[in-house]
Amino acid sequence: MWQLSVAVVEDDPKFRQAFAQAIESAPDLKLAGAAADGSAGLALLKTTRPDVLLVDLGLPDIGGIELIRYCAAQLPECDVMVVTVFGDEHHVVGSLEAGATGYLLKDTLPEDIAEQIRTLHAGGSPISPVIARQLLTRLAPAASQAPPAEGAPVLSERELAVLTLATKGFTYEEIAQMMSVSKHTVMTYVKRSYRKLQVNSKSEAVYEARKLGLLRD
Amino acid sequence: MKLASWACCATSLLAGLLLSVLLPAWAAVPGGEVAVQHFTSAERQVVPIGPSLPEPGVLRPDLSEPGWSQVALPLATPRGPVTPGLQDQPWAMHWYHLRYVLPPSGASPPLAVYGARVLGGPVEVHVNGRLLLANRRQWTSQWNRPLFVPIPHDAVFTSPGIDVVVDVVVGVPVRAGMTHALSTLWVGPADEIRAMADRRLLLHITGPQVTTLTILVLGVFSFGFWWRRRSESAYLLFALASAAWWLRNLHYHIDLPPPGVLHDWFWWATHASMGWVMVLTYLFAFRFHHRRYRGVEALLTGVTVLTGLLTLPLVPGDALVLQHTLNAAVSIFVTAFITWVAVRHGSHELRVLTAALWICIALGVHDILLLSQHITPESAYLLPYATLLVFGAFLYAVLRRYSGAIAEVEQINASLEQRLAERTAELEDNHRRLRAVEREQALLLERQRLMRDMHDGMGSALMSSLVLVEQGKLDLPSVAQVLRECVDDLRLVIDSLEPIGHDLVTLLATLRYRLGKRLEAAGLQLEWQVDDLPPLPWLDPTAALQVLRIVQEALTNILKHARARTVRIALCKAGEHVEVVVTDDGNGFDVATMITGREGGRGLRNLRKRAQGLGGDVDFSSQPGCTRVTLRLPVLRD
C-alpha cells in the first residue's frame, strides 16, 4: 500500500512523540523521521524527501522558518504544515510567507492530526477568519492604499470571494455551496492564495532590496 | 551696475561733445588753400553815441578813422555781484575788426563768421561795409547762443591776381558802465563754420534740453511712485525737484519774451527756481537718509525765500551774480553738512550722492564765473549736465534701495521657510514622541488588563484546581476539564488580540472557527447567518474579549444545559445597534426565575453586566424549543 511519508521536526519530546504516534497509527501514513532541532531536520529532509513536513517554529538552532524556506525551494512537492499552539495570525502568516500551506494546533486530537495531514496533501489548506483577513489586506489592498509592488501577484475574483467569505466565518462546505463549486475547489483557491502570499512576500523583499540599493535591476 | 555703465556712457558722451566744440578742427582743414582762420585778436575802436541808440545801419564802422587798437580775444570785463540800473547812461559803440584774406585765386567759396558768444549788448556784424546782422530786439537771447553769420557771395569782391579781402566788423553797443564780452572769432568756408556753430548749439541748448526732459520724466515716474505710497515723501520731493529744475531750464526750451515786464518776471522765475531745486534736492537727500535736520532745512528754505524776494523785478538793480553766489555758498554749506552726515553714519548711496553734489557745486561755480564773465565766454554752462549726474545718483540710490528691499524680502522668506521647516520638524518630533507615549500607555493598559484577567480568571481557576488536586479531591477528567477551560480562555485572550479591524463579524467568525469542531462533536448543528456590519470603532482588544466571553458563555450554556440539536448564530444591524442573536431549540428555561434565582441566575446576570459594560445589553427569551439570547451592542459609543 502506498503511504504518505511525513517528517516531524519538533523540539518538545512529548509533542514529537505524540505526532509520531499519530502518524504511525494511521495505516496510510508513514513516519519518514523525527528530528529535535533544525539541523537534524534539514538532514532529515535531504535524506528522506518526505511528502509532508510537520515543523515547529521555535527550534533551538535553525529557525522553523528557515526550514520551511528550504522545503519550499528544494522540495516543491512537499507540503509544509506548521505546528502552533494557538494558530494565531502572527505565527501562521510568517510561515505562509515562507512557503507553508497548512498549520496544525498542538492540542489537536491524534485522529484529527492524521486527517489534517491527508487533507493538506490532497490540497486542502485550512484557513481561519483572521488569516483570511490578513491575506486580503496583503494581496488585495483597498484602492486608496499604495498600489502593490511591481510583479506582486493579484488575487483572482474567485479567490477574493473565497477569502471574503472565510473572514465572515463560513466553513468550506458553506462557501462551496454559496459559490456552487466543490469543497475541493474552494480549498484549492485557498492554497493558491497562500502561494501568492509567498510570492508576494518574495517580490516585496526584492522591491525593498531594490529600494535600498542591495539589488541591481 | 546698469546705472553706473549708463552714467559712464553719458560722461564719455559729454566729454566727446566738449572736446569736439572746444578743440575745433584745425586738423580738419583740407589741404586746399581756403582754410578756416581762428582770430584770437582784433582791432578795436570805441565810438561814443549818446543817450539813445540809433537804428542799425545808421552808424557804420570806418576803418580809415584813427583810434583802432589791437585787443586779444576772447575779451571779457567781469561783472560785479550786483549790476546797478544804467538806464540813463550814454551809449558807446565798440567795434571789433578782423581781416580775413584769401590768396588771389580769383574765386571764393561761400564764407561765414562764427563766435561762441557775444554778451552785454545787441550785436551787429558788418562785412566789407555791408550790414549782415543786427540783433536789436532779441539781444538778450545772445547769452547762450553762438554768433553765426553767413557771408553772401556778392559781399566778397574777387578778381584774378588780387587778394580776396574780407573785412569783418563786429559791433557791440554798450551803455557806459556796463560790461560786455566777446569770444574768439572764426572765419572760413561756410560749411565748416556752420558745423562748428551747430556743435556749439548742441552743447549750449540741445544737450541741456535733453537732460532737463530726462529728469522731468524721472520726476513723473517718481511722482507716480509717491502717489501709490504717500508715506514715502522723498519721492514727492524728487518729483518736485525735477519740476523745479525743468522750470529753471525753461529758457532752454522756449523763446524768451521780448524785453519788458514779462521778460523780467520770466528771468526772475527761472533764477529763483534754482534755489528751490537746491532746497528740494537737499530735503530729498535728508529724507532718503531717513533723518530730519530741522535747523538746516529751515535755514535752506529761509535763504531761498529771501533771495527770491530780494531779486524780484520790482527791486532796482540786477543781483543775478550775487544771487547765484549766495546759492553756491548755501549749497557748499549744506553739501558739507551732508558730507559730514555721509561720512559719520551715511549709507553707500548717500556717499555717492554727496560726491555727485560736490561735482555739481564745482560745475555750478564754473557757471557763475562764466555768467559773471570771469572766465572765457568760450566755455559752456555745465550745470545741466552736472545735475544729470545728481539725478543719476538719486536713481542709483533708489535702485539700490529697491533691490536691497527685494533681497531683504527674499531673505525674510528664506528664514521664514527655514523656521517653518524647523517648526514642522519640531511638531513631527513631538507628534512622534506623543505617539510613542500613547503606544507605551496602550501597552501598559493592555498588560494591566491581561494581568487582571489572568489573576481573576485562569489564575484563580488553576490555583483552586491545584489545591484540589493536591488534596486528592479532583479526578483526572475534572483536571482535564479545568485545563481545557483554561486553554479555551487563553485562546479567547489570544483571539481578542488579533488584528480584526474593529470587525465584529471576523471576531465572532474566529469564535465559530474555534468552537465549530466541538459543537459538531457534541451533536449540535450550527447555523451561521451574518450580514455585513459596519466596523465598531470601540471594539478594542478589551471589548473584543468581553464580546467573545459573552457569546462563548451563551454557547457553553447551550452545550451544558439545553440539550438542543441546532443552534443558530445571527449577526445583523438594527438601527443604531448591532445584534448577535443566539437561538437554540433546546429545553428552555424560565427567564424570570433564572434571573432572580441564586445559582443559575448568576451566569445570566454576569452576561448582562458584561454587555452593559460595553454600552449594550442582553435580552433573554425562552420557551421550550426556542430559546433566544440577544446581545445588543451600539455601533457608536461615547
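Preceding this section is the structure that the text describes.
Residues numbered from 1 in each chain as written. Chains lettered and ligands numbered in written order. Predicted model: local features only at pLDDT ≥ 70, side-chain atom pairs only at ≥ 80, totals over all residues. Heavy atoms only, no water.

Novice: I'm lost on the packing of helix α3 (residues 64-74) of chain A against helix α4 (residues 89-98) of chain A in this one. Help?
Specialist: For any two helices packed against each other, one specifies the crossing angle of their axes together with the interaxial distance. Residue and element names in this part refer to chain A. Between α3 and α4, whose axes approach to 8 Å, the crossing angle comes to 30°. If you check the angle between α3 and α4, you find them roughly parallel. Crossing geometry of α3 relative to α4 is assigned as right-handed. Here α3 contributes I65, I68, R69 and A72 to the contact with α4, which in turn contributes G94, S95 and A98. Tallied by class, residues from the contact of α3 with α4 come to 4 nonpolar, 2 polar and 1 charged. (Axes fitted to C-alpha atoms, helices over the stretch in contact; angles between N-to-C directions. Helix = DSSP H or I, 4+ residues; strand = E, 2+ residues; numbered from the N terminus. Parallel < 35°, antiparallel > 145°, perpendicular 65-115°, else oblique. Left-handed = near helix turned anticlockwise from the far one by under 90°. Contact = heavy atoms within 4.5 Å. Nonpolar A, V, L, I, M, F, W, Y, C, P; charged D, E, K, R; others polar.)

Novice: I tried to follow the pairing of strand β6 (residues 111-115) of chain B on my own but got confused; where do I start?
Specialist: Consecutive side chains along a regular strand alternate between the two faces of the sheet. Residues and elements named next belong to chain B. Burial within β6 is extensive, with 5 of its 5 residues counted as buried. Taking every second residue as pointing to the same face, both faces of β6 are buried, with L111, V113 and G115 on one and A112 and Y114 on the other. Taken together, the 5 bridges between β6 and strand β13 (residues 185-189) define a ladder with antiparallel strand orientation. Bridge pairing in β13 links V113 to V187. (Buried < 20%, exposed > 50% of the residue type's maximum accessible area, 1.4 Å probe, protein only. Pairing = 2+ DSSP bridges.)

Novice: Quick question: what am I supposed to make of the sheet that holds β13(B) here?
Specialist: Strand pairing in a sheet relies on backbone hydrogen bonds, with the paired strands running either antiparallel or parallel. All names here are of chain B. With respect to topology, 4 strands assemble into an open sheet ordered β1-β13-β6-β10, the strand pairing being antiparallel. Unpaired on one side and paired on the other, β1 (37-39) and β10 (147-151) mark the two borders of the sheet. Put simply, the sheet's adjacent strands are angled 15° from each other on average, direction ignored. Sheet strands in contact with helix α2 (residues 190-228) are β6, β10 and β13, and its direction is about 140° off that of β13.

Novice: Any chance you could explain unusual backbone geometry here in plain terms?
Specialist: Negative phi characterises most residues that are not glycine, and trans characterises most peptide bonds. The omega torsion of the bond from L73(B) to P74(B) falls at -5°, within 30 degrees of zero and hence cis. Here the phi dihedral of S180(A) falls at roughly 55°; this positive angle occurs in a residue that is not glycine. Here S180(A) lies in the loop between α8 (172-179) and α9 (183-212). Positive phi, close to 50°, is recorded for N128(B), a residue that is not glycine.

Novice: What exactly am I supposed to notice about the interface of chain B and chain A here?
Specialist: At the interface, 21 residues of chain B touch 21 residues of chain A. Of the roughly 1,800 Å² buried between chain B and chain A, counting both surfaces, carbon and sulfur atoms make up 51%. Scanning the region where chain B abuts chain A turns up 5 salt bridges. With a closest N to O distance of 2.7 Å, E174(A) and R512(B) form a salt bridge. Between chain B and chain A we count 10 residue pairs in polar contact (both at pLDDT 80 or more) in total. When residues of the side of chain B that touches chain A are traced back to their parent elements, those giving at least two are α10 (476-496), α11 (504-521) and β14 (525-530) of chain B. Here the side of chain B that touches chain A takes 8 residues from α11(B), the largest share from any one element. Considering only residue class, the side of chain B that touches chain A consists of 10 nonpolar, 3 polar and 8 charged. (Buried area = accessible area lost by both parts, 1.4 Å probe. Salt bridge = Lys/Arg side-chain N within 4 Å of Asp/Glu carboxyl O. Polar contact = N/O pair within 3.5 Å; in protein donor to acceptor, adjacent residues only side chain to side chain.)

Novice: What is the right way to look at the pattern of salt bridges in this model?
Specialist: Close approach of charged atoms lets side chains of opposite charge pair. For the coordinates displayed, the defined rule picks out 31 salt bridges over all chains. One salt bridge connects K191(A) with D79(A), and the closest N-O pair in it is separated by 3.0 Å. Residue K191(A) is found in helix α9, and its partner D79(A) is found in strand β4 (residues 79-84); the two are separated by 112 residues along the sequence. Here K191(A) falls in the buried class, since its relative accessible area comes to 16%. Among the residues examined, D79(A) registers a relative accessible area of 5% and is labelled buried. D429(B) serves as the salt-bridge partner of R432(B), at 3.2 Å between the closest nitrogen and oxygen. Here D429(B) and R432(B) lie together in helix α9 (residues 383-470), a separation of 3 residues that amounts to about one turn.

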